[in-house]
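Chain by chain, the residues run as shown.
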Amino acid sequence: MCSGLCQPEDFQPRDPTQDYIFPPELMRIAEETKQRTLVFNGERTTWISPVALQELLGLKAKYPKAPLVVGNTSIGLDVKKLDVCYPIILYPPRVPDLHIVYRVQNGIVIGAATNLAQLRDILLNIVPELPVEKTKIYHTLLKQLRTLAGEQIRNLASLGGHIVSRGSPWHLNPVLAAGKAVLNLASTGGRRQIPLNGEFLERLPEADLSPKEVIVSVFIPFSKKDEFVSAFRQAERRKNALSVINSAMQVRFQPGTDVIEDLTILYGGIGCTTVSAPATSQKLRGRKWNEQMLDEACRLILEEIQLSPSAVGGKVEYRRTLLVSFFFRFYLEVLQALKCMYPSKDLDLPKKNLSALGEFHDSPPRGVQEYQEVDPQQPPQDPVGRPVMHESGIKHATGEAVYSDDIGPIDGQLYMAVVTSTQAHAKILSIDTSEALEAPGVVAVVTAADIPGKNGDENEKVFAEDEVIYIGHIICGVVAETYELAKEATQKVKIKYEDLERILTIQDAIQHNSYFEEERKVEKGNVEKAFHTVDRIIEGETRVGGQNHFYMETNRSVVVPRKEDNEIDIYVSTQDASNVQELVATTLDIQANRIRCHTTRVGGAFGGKITKPSFFAAAAAVAAHKTGCPVRFILERDDDMLITGSRYPFLGKYKVSHTSSEALRSHTRLSAGQTKKEDGRRT
């Protein structure tokens with residue numbers, strides 16, 4: 001199959017007397033760069049890559065606020081999503097001391113720059129060489145590594161970065177803390193060790209590393225015979241999902257008994273840091289491992305680990321339940337292990353609880369296509385019943401399908417990024433674009449004042465004028481030579497607001513009698529009378545949350561003005577090209593037949609690209625009209641989810657009677673957002 005991406009006839013003929021080799025000059029350059037420090041200077045950030053530990057420590061002493069980046073899976077999110085700027089970034093993977101791996105008498109030492117995939121391979125190689133009783137911590141780490149993110153992240157994220165970032169959903173840190181791991185630190189002032197424990201994970205100053213220190217390696221000890229370590233996590237998916245709650249627990253018994261000598265309990269996902277339960281652990285030391293201890297432990301955990309009713313992430317009762325569910329699972333696992341170690345001891349493990357001990361094993365997905373057999377006499381042009389391939393299936397699979405953003409750069413093309421409202425409902429007092437206009441590469445700032453025709457339709461405006469009615473409402477657009485310059489300049493637009501009353505929930509809307517249309521009723525018979533003559537009435541309510549459409553290709557428009565007769569070509573991902581044509585025509589105050597809309601592929605939509613693409617295309621068209629240049633307007637995923645609507649959340653209330661009259665009443669309310677029409681549906 002020839003993709004057409006290259007022309008084989010243009011290749012140089014192969015010389016059979018020559019072997020294919022990697023260019024020696026590139027090999028020489030690669031070897032030379034291994035021996036010297038690399039420095040990359042950007043407009044806002046300097047990236048330094050040292051080659052020796054002492055050099056790294058010197059840089060850290062000079063720049064104590066500079067983060068160390070290996071896989072960039074944590075800092076990269078801050079830079080991209082939160083627009084955090086680090087003037088100096090240190091890149092230490094070329095320092096050999098951070099990649100050491102060796103075994104000592106009571107454990108193993110692993111370099112901090114070791115990535116998580118390498119950590120998995122190291123543990124897999126070490127575990128078979130050791131007695132089972134020494135590998136309990138390592139088995140638990142391997143269990144958690146199987147579901148930690150995806151293989152791409154594991155190939156990049158480092159052990160030291162995972163530890164020092166201390167994200168609450170990270171589920172290796174609690175295991176390392178429960179296993180009594182130790183951090184080997186270094187600075188220009190010397191070396192020291194600190195325990196990786198609950199205090200460190202909670203970022204307590206007395207247990208933390210100083211700004212000038214670097215984690216060189218991590219010591220992970222062997223487990224002991226009477227010690228048990230387990231870890232648990234609950235997430236929305238098995239892989240590539242942050243934990244709702246994660247936990248690691250460790251217990252060590254007095255030799256040959258079931259009396260608790262040491263106990264560690266840690267939870268992630270409760271707050272902004274991993275939390276421990278030291279008071280619970282202290283009170284349970286000296287207790288026997290039985291149901292009385294279990295009941296007491298569950299009560300103490302719920303008392304010590306507090307979860308606010310307004311906790312970030314919600315699901316408060318569910319997460320509180322998981323706190324004790326995880327400990328119950330740990331109790332059963334340890335009890336089963338004790339029975340195997342000491343068969344003669346009277347340890348009660350009810351059979352009804354054994355099902356809780358099974359691990360979940362997911363099988364690889366398999367696809368099966370079923371279709372009916374077609375009559376051999378059926379004409380070949382008749383598609384009924386035939387397994388017809390998608391018309392663009394091969395192009396989609398090979399990557400040859402051209403989407404809106406795959407259109408190559410156009411001569412003189414500019415890029416637009418938008419400034420959106422940070423307020424749910426507010427009056428716009430002023431828009432100051434002076435600083436943005438002075439930013440490098442900025443050509444223009446487009447606002448409602450630049451619209452030559454009508455600003456939007458009866459439901460929504462292309463650019464907000466006097467007030468904003470939702471977070472994400474487009475106020476203006478910055479047009480620049482590159483998207484990066486345009487995006488950076490949006491931060492320099494200053495907007496002053498005056499807050500107005502906000503209606504944020506369905507209950508608020510009902511309370512304020514805020515409806516887009518009058519209540520619609522479908523009734524049969526005298527419902528009120530029927531409810532007065534019944535023996536029993538059941539009432540309740542049901543809720544359905546909203547959904548974001550989350551299509552593959554975000555909203556994007558490329559507007560190309562033509563010199564002849566004010567004609568415009570618009571390349572847009574939309575489900576309703578005629579609506580785009582109509583809105584752009586009224587916005588620019590030109591005839592609709594001057595506008596040509598091109599939609600080769602929608603890029604996924606599910607109903608989410610019916611009305612909104614018209615406003616995005618109109619905004620880009622205003623920018624093209626003002627500058628006289630082609631304008632490309634691409635929404636990143638975060639902006640797309642912020643600005644566009646979604647499938648509505650519902651609140652339904654019902655009232656049902658049980659008699660021969662069979663009366664039924666149901667009231668349904670849906671949150672239609674800020675406009676009367678969204679995604680093609682009228683509320």
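Computed from a prediction, not measured in an experiment: that's the story for all the values here. (Residues numbered from 1 in each chain as written. Predicted model: local features only at pLDDT ≥ 70, side-chain atom pairs only at ≥ 80, totals over all residues. Heavy atoms only, no water.)

### Concerning the overall build of the chain
Then, in step 1: Each helix and strand in the chain was counted, giving 20 helices and 27 strands.
Then, in step 2: Taking the principal axes of the C-alpha coordinates as reference, the chain spans close to 95 × 90 × 75 Å.
Then, in step 3: Of the contacts made within the chain by residues no fewer than 6 positions apart, 70% connect residues no fewer than 24 positions apart.
Then, in step 4: If you average the places of the 81 positive and of the 87 negative side-chain charges in the chain, the two averages end up 6 Å apart. (Helix = DSSP H or I, 4+ residues; strand = E, 2+ residues; numbered from the N terminus. Contact = heavy atoms within 4.5 Å. Lys, Arg positive; Asp, Glu negative; His and termini not counted. Charge placed at Lys NZ, Arg CZ, Asp CG, Glu CD.)

### So, the state of the cysteines
Then, in step 1: A complete count under the given rule lists zero disulfides for this structure.
Then, in step 2: For the unlinked cysteine C476, the closest cysteine sulfur is that of C629, found at 19 Å.
Then, in step 3: The exposure class of C476 is buried, given its relative accessible area of 0%. (Disulfide = S-S within 2.5 Å. Buried < 20%, exposed > 50% of the residue type's maximum accessible area, 1.4 Å probe, protein only.)

### So, the environment of T17
Then, in step 1: When you line up the elements, T17 lands in the segment before α1 (24-33).
Then, in step 2: With a relative accessible area of 63%, T17 lands in the exposed category.
Then, in step 3: Within the structure, the side chain of T17 is placed 2.7 Å from the side chain of D15, a separation counted as a polar contact. (Polar contact = N/O pair within 3.5 Å; in protein donor to acceptor, adjacent residues only side chain to side chain.)

### Side note on the sheet that holds strand β20 (residues 556-561)
Then, in step 1: Pairing is mixed across the open sheet formed by seven strands, whose spatial order is β15-β17-β13-β23-β20-β21-β22. This sheet does not close on itself; its edge strands, each paired only once, are β15 (442-446) and β22 (595-598). Here the strands of the sheet are splayed against their neighbours by 20 degrees on average, with no regard to which way each runs.
Then, in step 2: Along the sheet, helix α18 (residues 577-588) contacts β21 (568-572) and β22; its crossing angle with β22, the most-contacted strand, is approximately 145 degrees.
Then, in step 3: Along the sheet face, helix α19 (residues 612-627) touches β13 (414-420), β15, β17 (474-480), β20, β21 and β23 (631-634) and points at about 35 degrees away from the line of β20. (Pairing = 2+ DSSP bridges. Axes fitted to C-alpha atoms, helices over the stretch in contact; angles between N-to-C directions.)

### Let's talk about the packing of aromatic side chains
Then, in step 1: Counted under the stated rule, the structure contains ten aromatic pairs.
Then, in step 2: Between the aromatic rings of W47 and Y91, the centroid separation amounts to 5.6 Å while the plane-to-plane angle is 40 degrees, which identifies the pairing as tilted. Note that W47 is positioned in strand β2 (residues 46-49) and Y91 in the loop between β3 (88-90) and β4 (101-104), a separation of 44 residues in sequence.
Then, in step 3: You can call Y91 partly exposed: its relative accessible area is 26%.
Then, in step 4: Taking the centre distance of 6.0 Å and the plane angle of 85 degrees together, the rings of F616 and F633 count as edge-to-face. In this pair, F616 sits in helix α19 while F633 sits in strand β23, placing the two residues 17 residues apart along the sequence. For the pair formed by F616 and F633, the shared burial category is buried.
Then, in step 5: Following the ring pairs from residue to residue traces out a cluster consisting of F228, F253, W289, F327, F330 and Y331.
Then, in step 6: When the ring centre of Y551 is taken as origin, the NZ or CZ atom of K609, which lies over that ring, is 4.6 Å away. (Phe/Tyr/Trp six-rings, centres within 6.5 Å; stacked < 30°, edge-to-face > 60°. Lys NZ or Arg CZ within 6 Å of the ring centre and 35° of its normal.)

### Looking at the side chain of S158
Then, in step 1: Among the secondary structure elements, S158 is positioned in the loop between α6 (151-154) and α7 (159-165).
Then, in step 2: For S158, a relative accessible area of 5% translates into the label buried.
Then, in step 3: A polar atom in the side chain of S158 sits 3.0 Å from the backbone nitrogen of G161.
Then, in step 4: Each residue touching S158, except ones within four places of it in the same chain, is listed here: V70, A112, A113, T114, N115 and L116.

### With respect to helix α4 (residues 116-126)
Working note: α-helix, 3.6 residues per turn, so residues spaced by three or four point in the same direction.
Then, in step 1: Of all the positions in α4, only L116, A117, L119, I122, L123 and I126 are classed as buried.
Then, in step 2: In this structure, the buried side of α4 is in contact with β4, β5 (107-111), α5 (136-147), α6 and α7.
Then, in step 3: A distance of 3.1 Å separates the backbone nitrogen of A117 from a side-chain oxygen at the start of α4, and that oxygen is part of N115.

### Brief notes about empty space enclosed by the protein
Then, in step 1: Evaluation of the coordinates by the stated rule reveals one cavity of 30 Å³ or more.
Then, in step 2: In terms of lining, the largest cavity is formed by E460, K461, V462, Y470, H473, I474, K612, F615 and F616.
Then, in step 3: Across the lining of the largest cavity, the residue classes break down as five nonpolar, one polar and three charged. (1 Å grid on protein atoms, 1.4 Å probe; cavity = no way out; pocket = protein on both sides within 12 Å on 5 of 7 lines; lining within 4 Å. Points joined across faces, edges and corners; volume = space filled by probe spheres on them. Nonpolar A, V, L, I, M, F, W, Y, C, P; charged D, E, K, R; others polar.)

### A short note on the pattern of salt bridges
Then, in step 1: According to the stated counting rule, one finds 29 salt bridges in the structure shown.
Then, in step 2: Across the pair R166 and D208 runs a salt bridge whose closest N-O atoms are separated by 2.9 Å. In this pair, R166 is assigned in the loop between α7 and α8 (173-178) and D208 in the loop between α9 (198-201) and β8 (214-221), connecting sequence segments 42 residues apart.
Then, in step 3: Residue classification places D208 among the buried residues on the basis of a relative accessible area of 18%. (Salt bridge = Lys/Arg side-chain N within 4 Å of Asp/Glu carboxyl O.)

### Some details on unusual backbone geometry
Then, in step 1: Its identity as a non-glycine residue notwithstanding, A149 has a phi of 50 degrees, on the positive side.
Then, in step 2: Relative to the assigned elements, A149 resides in the loop between α5 and α6.
Then, in step 3: Look at A149 and you get buried, because its relative accessible area is 19%.

### Here we look at the confidence of the model for the chain
Where the model shows low pLDDT, its predicted coordinates should not be examined in detail.
Then, in step 1: Considering every residue of the chain, the mean pLDDT works out to 88; 95% of them sit at 70 or more.
Then, in step 2: Within the model, pLDDT remains below 50 along residues 678-683, and this stretch shows 26 contacts once partners closer than five positions in the same chain are excluded. (pLDDT = per-residue confidence, 0-100.)

### Topic: the sheet that holds strand β16 (residues 467-468)
The strands that make up a sheet are held in pairs by hydrogen bonds between backbone atoms, and each pair lies either parallel or antiparallel.
Then, in step 1: Judged by pairing direction, the sheet is antiparallel, and its three strands sit side by side in the order β16-β14-β18 without closing on themselves. Two strands close off the open sheet at either side, each with one partner strand: β16 and β18 (494-499).
Then, in step 2: Where strand β14 (residues 426-432) and β16 come together, two bridges link them in antiparallel fashion. Directly across from A426, in β16, lies its bridge partner V468.

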